[in-house]
Amino acid sequence: MTEGAPLLALAPATADALSRWLATEAATRDRSPHTISAYQGDVIAFLHFLGRHWGEAAAPAHLAALTQSDMRAFAASERARGFGARSLARRQSAVRGFLRWISDREGHDLSAALSARSPKFRRSLPRPLTPEQARETLAQVSADHPTPWIAARDVAVLTLLWGCGLRISEAMALDGRDWPFGEALLIRGKGKRERQVPVLPVARDAVADYLRQCPWTMAPDQALFRGARGGRLDGGQIATQMRRARAALGLPSTATPHALRHSFATHLLNAGGDLRTIQELLGHASLSTTQVYTGVDDARLMAAFRAAHPRG
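Here the structure is a predicted model, which is why all the values come from computation and not from measurement.

Draft legend 1. Summary view of the pairing of strand β2 (residues 194-198). Residues of β2 alternate between two faces, with Arg195 and Val197 buried on one and Glu194, Gln196 and Pro198 left unburied on the opposite face. Where strand β1 (residues 184-188) and β2 come together, five bridges link them in antiparallel fashion. Across the sheet, Arg188 pairs through a bridge with Glu194, a residue of β2.

Draft legend 2. Just helix α10 (residues 235-249), in detail. Over its 15 residues, α10 extends 21 Å from the first C-alpha to the last, a length consistent with the 21 Å expected when each residue adds 1.5 Å. Along α10, the residues that are buried comprise Ile238, Ala239, Gln241, Met242, Ala245 and Arg246. Viewed end-on, α10 has its buried residues packed into an arc of 160 degrees, placing them on one side of the element. Opposite the buried face of α10, by more than 90 degrees, sit the exposed residues Ala247 and Ala248. Each element contacted by the buried residues of α10 is listed here: α6 (131-144), α7 (148-164), α8 (168-172) and α11 (257-270). Of the residues that open α10, the one with a side-chain oxygen 2.6 Å from the backbone nitrogen of Gly236 is Asp234. Two residues or fewer after α10 comes Gly250, characterised by a positive phi angle close to 75 degrees.

Conventions we followed
- Residues numbered from 1 in each chain as written.
- Predicted model: local features only at pLDDT ≥ 70, side-chain atom pairs only at ≥ 80, totals over all residues.
- Heavy atoms only, no water.
- Buried < 20%, exposed > 50% of the residue type's maximum accessible area, 1.4 Å probe, protein only.
- Helix = DSSP H or I, 4+ residues; strand = E, 2+ residues; numbered from the N terminus.
- Pairing = 2+ DSSP bridges.
- Expected span 1.5 Å × (residues − 1).
- Arc of directions from axis to C-beta.
- Contact = heavy atoms within 4.5 Å.
- Polar contact = N/O pair within 3.5 Å; in protein donor to acceptor, adjacent residues only side chain to side chain.

Below you can see the structure in the form of structure tokens.
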């Protein structure tokens with residue numbers, strides 16, 4: 001069996017428990033459909049491993065016997081399949097979430113299994129582009145596609161990433177009702193957290209230029225950014241154009257659409273923006289995420305706090 005096998009391939013009680021846990025995660029923790037799908041694949045892979053490891057399908061009652069040795073064996077199996085430390089840590093995090101839920105519901109003591117350590121990994125982030133590189137990228141994308149309205153569309157999307165700090169998924173989620181943009185744009189990001197993002201004139205003009213050329217009628221309930229056939233644009237198409245642009249310009253592989261959002265934060269910080277404001281603009285739940293994201297060291301973070309706090 002593989003992790004893509006359906007829930008029906010599991011013991012019925014286990015499949016039911018997994019379905020209920022996934023529903024709980026979606027309802028109470030605002031997990032996205034993509035995250036829920038990833039969690040399902042991670043836990044199914046673990047349960048299928050236990051079936052091979054134990055020689056029988058893993059029922060919820062069997063999970064009470066899980067040991068650190070079982071968890072280490074699972075980790076070794078995944079590493080043998082080519083999983084790196086980052087992917088394995090994510091997979092084990094999903095498994096622990098499921099096991100904690102089972103422990104709470106069934107009263108099992110799974111402390112031994114839950115105490116197994118995840119592999120350490122260094123979080124990697126795309127390096128920001130310089131302002132000049134970002135401008136050259138937009139110019140290259142504008143000139144690259146033979147269909148003018150598609151070129152204008154791609155420039156508009158990338159301008160929102162660099163000029164407003166949007167995630168690619170947030171740009172793709174914009175609908176006709178969001179246009180015309182005002183001074184600020186209401187964005188619903190991860191965890192359904194809402195934030196107001198100021199819209200620069202250059203970003204507003206780029207979207208307006210795209211809409212003037214777009215052959216599709218814009219309606220409030222339809223996607224703002226359209227694919228060639230009129231459906232909602234897929235972020236993968238923007239990533240493809242970004243790959244073409246960086247190849248033409250000789251930019252590193254880290255020059256991705258997400259790197260433009262990273263550049264937005266870094267350029268603001270370098271211009272004197274404070275971390276708290278940048279945190280709000282990016283939609284980060286934690287300041288520590290913004291700190292890592294912008295490459296701020298602890299000394300600079302403490303200096304920012306001392307400068308801002310009335311007792312500093």
